[in-house]
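# Fold and contact review
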Amino acid sequence: MRSMWFRRNAALFAVLLVLLFLLGGTNGAQAAGRVTEGDFSFHGVALGDSAEQLHKAWGEPVFHKDTRVHGVAVRTESYPKDVDVMVSRRTDRVVDIRVNLKWQKELELRNHVKYGATSAWLQRTYGKAERQNVGGVFYYIYGRPASKKQTAPSRAHDRLLLELDSGDWHLVRFRLTSLPLTDAEADARADEADPEEIDPLIESKTIDTSSLPKTETPKLTMGGLS
């Protein structure tokens, strides 16, 4: 009887150990955090969507204006509660979404992330990241995970930016963008074989001399230049 009781309880103990191990592994994965494909869309609109898809989902903007961001020609469309969407004037597709969470404090992104979320909670949700200073504004910046579908278009420039308050580093704004973040990055993209969003007018920083008359290179002679 005693040996039977021992074997039965030993089996139960082994099952409990397995369950604890599985739960611990799950919690560890959650604590590590990672970005997901769903993080790169907002209320049914994603980077790369057409302006038609944007207007079908959100309606017409309150107002819009044409501008440039690091050389990229865009149309900024503004919606209520300080939400701005930038559409490339070259491709007519969404390249930037900016949401001021101060005016939408009830809005939750994922895993209860909302205005005021701490740095620890942000990194637990999206993964460990270093604060980056971009033009005097501090962000946690995450790249878009690579698509497992071979037929899916490349979105290598897509990024999630979580803007932080410079006091205690809590979340204040949310941004999705495929635009360059600096002039240096814009220059680097202009050198790529097939830059997707860089405006053709600024793809080269050099002066166009194709229309100037062709002259031979000056030659140095004993009497001077000829």
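Up top you'll find the structure we're talking about.
The residue numbering used here restarts from 1 in each chain and proceeds along that chain's sequence as written. For this predicted model, a pLDDT threshold of at least 70 governs which residues receive local features, and a threshold of 80 or more governs which side-chain atom pairs are given and counted, while totals over whole chains, interfaces and linings are taken from all residues. Only hydrogens and water are removed before side-chain values are computed, so all heavy atoms of the structure are retained for them.

### Remarks on the pairing of strand β9 (residues 159-164)
Among the six residues in β9, six count as buried, and that is most of the element. The cut-offs for exposure are 20% and 50% of the maximum accessible area for each residue type, with area from a 1.4 Å probe on protein chains only; residues under the lower value are buried, those over the upper are exposed, and the others partly exposed. Numbering goes from the N terminus for both helices and strands, where a helix is a DSSP run of H or I of at least four residues and a strand is a run of E of at least two. The alternating pattern of β9 places Arg159, Leu161 and Glu163 and Leu160, Leu162 and Leu164 on opposite faces, both of which are buried. Strand direction decides the pairing type here: strand β8 (residues 137-143) and β9, joined by five bridges, are antiparallel. Looking at the pairing, Tyr140 lines up with Leu162 of β9. A pair of strands is considered paired only if DSSP assigns at least 2 bridges between the two. With six bridges joining them, β9 and strand β10 (residues 171-177) adopt antiparallel strand pairing. Each bridged residue has a counterpart across the sheet, and for Leu161 the counterpart in β10 is Arg175.

### Some points on the environment of Arg68
With respect to the helices and strands, the residue Arg68 is situated in strand β3 (residues 63-69). Since its relative accessible area comes to 40%, Arg68 is described here as partly exposed. Spatially, the C-alpha atoms of Arg68 and Arg89 are 9.7 Å apart, while their sequence positions differ by 21 residues. A polar contact of 3.0 Å, which involves the side chain of Arg68, links it to the backbone oxygen of Gly71. N or O atoms closer than or at 3.5 Å make up a polar contact, with two conditions inside protein: a donor-capable atom paired with an acceptor-capable one, and, for residues adjacent in sequence, both atoms drawn from side chains.

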